[in-house]
Amino acid sequence: MSCSTGHGYAPPPRRVKSADWFLPCPIFAGLECQTPGLAQSLGFRDDFLYCVMMNIQPLSGALGAEVQGVDLLHLEQDQLQEIESAFLEYLVLCFRDQQLSPGDLLRLTERLGGPGETPYLGGLPDFPEVVPVVKEADERSPYTFGAGWHTDFTFQECPPDRTLLYAVDTPTVGGDTLYCNLYQAYEALSEGMQAVLSDLNAVHSAVRAYGPKATLREHLENMSIANDTAEPQTMLHPVIRQHPATARPVLWVNPTYTIRFEKMTEAESSPLLNYLNQLAVSPSFTCRVRWQPGTLTMWDNRCTQHCATSDYAGHRREMLRTTVAGTRPLAQGRGH
Ligand SMILES: O=C(O)CCC(=O)C(=O)O
Ligand SMILES: [Fe+2]
């Protein structure tokens, strides 16, 4: 399988099947260990047990889970439902050893609601909705794409509900992605602060990342990034967002795109925004995803932030990225 990333994309090899695959089902696991190949000889598909036994392992006490026993290319409807309910519970889901071409990733994105609009970032020639996130081994910049805490594209009127990131090539160590839980950040605030914030809107803008003076594109020489020639438009969003699926309140600001509170200056806003942004990334509200070729992680932009780590100079990392279109954020308890 090949595509025109210019980076020699090829799906990662499937891992050699071992008895570990059968551990989610203890009875069958034991039988399969004693009689390797039993599942196959009974006429089950190669990945039969993998498919019927979905297993969820949390990544930390705060958020995130690894989902085992799933082949994202052949998802049954009930598996999809199970994944969707795990997604609302864990906010970040990680699937290992998936074999996805760019077209497969797009089909999965369509199954999950359809791709969002992705201005500024160039996609693959044959699949414009699929964005390659690439850093070559010889790049000198200490920076990587997404290396600052943020929630994806909150400057849009309808920011993406979720993002899917699929690892094609990864450093042997480093290049992890960190996530934080913005429900927990909200819950950590005092009642008084929750009440103050619930009446506020914030201004979100692409100016720092993609405005005329932004320097991100100069740091990312193997990605196709277009800056705005004029000051980007801004978008007002509630500071306390209600998650549309869980109805729970979320502290929905981030240091990359939230530039100030409505009707306040940046100078007036920044002390409180800095406080909120620091609180959101308290270690106890975070988890960390370590990537391997074939890992797909999806995260909920309605209640998380994330941050890529730039600790793999001299090594190559290539990911494929899509987003799922979202709805306009609603304020908790305000209805507007
Ligand atoms: O590459 C990563 O780890 C995350 C990049 C990022 O921020 C994104 O894909 O939205
Ligand atoms: Fe991001």
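To start, this report covers the structure provided alongside it. (Residues numbered from 1 in each chain as written. Chains lettered and ligands numbered in written order. Predicted model: local features only at pLDDT ≥ 70, side-chain atom pairs only at ≥ 80, totals over all residues.)

If you tally the helices and strands in the protein, you get 10 helices and 16 strands. Expressed as a percentage of the 336 residues in the protein, the buried residues total 41%. Across the protein, contacts joining residues at least 24 apart in sequence account for 79% of those joining residues at least 6 apart. (Helix = DSSP H or I, 4+ residues; strand = E, 2+ residues; numbered from the N terminus. Buried ≥ 20, exposed ≤ 12 C-beta atoms within 10 Å, placed from the backbone. Contact = placed C-beta atoms within 7 Å.)

Topologically, Ile225 is positioned in the loop between α9 (216-219) and β8 (234-238). Note: C-alpha distance between Ile225 and Pro119 (106 residues apart in sequence) is 9.1 Å. When near neighbours in sequence (up to four residues on either side) are disregarded, Ile225 contacts Tyr120, Leu121, Leu216, Arg217 and Leu220.

A few words on the site of ligand 1. Around ligand 1 lies a shell formed by Val133, Phe145, Gly146, Asp152, Thr163, Leu165, Thr177, His306, Ala308, Met319 and Arg321. Elements with a minimum of two residues in the shell around ligand 1: β5 (162-169), β14 (304-308) and β15 (317-324). In the shell around ligand 1, the residues fall into five nonpolar, four polar and two charged. (Near = placed C-beta within 6 Å. Nonpolar A, V, L, I, M, F, W, Y, C, P; charged D, E, K, R; others polar.)

This part is about the sheet that holds strand β12 (residues 286-289). Taken together, three strands build an open sheet; the order of strands is β12-β6-β14 and the sheet is antiparallel. Edge positions in the open sheet fall to β12 and β14, since each of these has one partner strand only. Here the strands of the sheet are splayed against their neighbours by 20 degrees on average, with no regard to which way each runs. One ladder, built from five bridges, connects strand β6 (residues 177-181) with β14; its direction is antiparallel. Pairing of Cys180 across the sheet is with Gln305, part of β14. (Pairing = 2+ DSSP bridges. Axes fitted to C-alpha atoms, helices over the stretch in contact; angles between N-to-C directions.)

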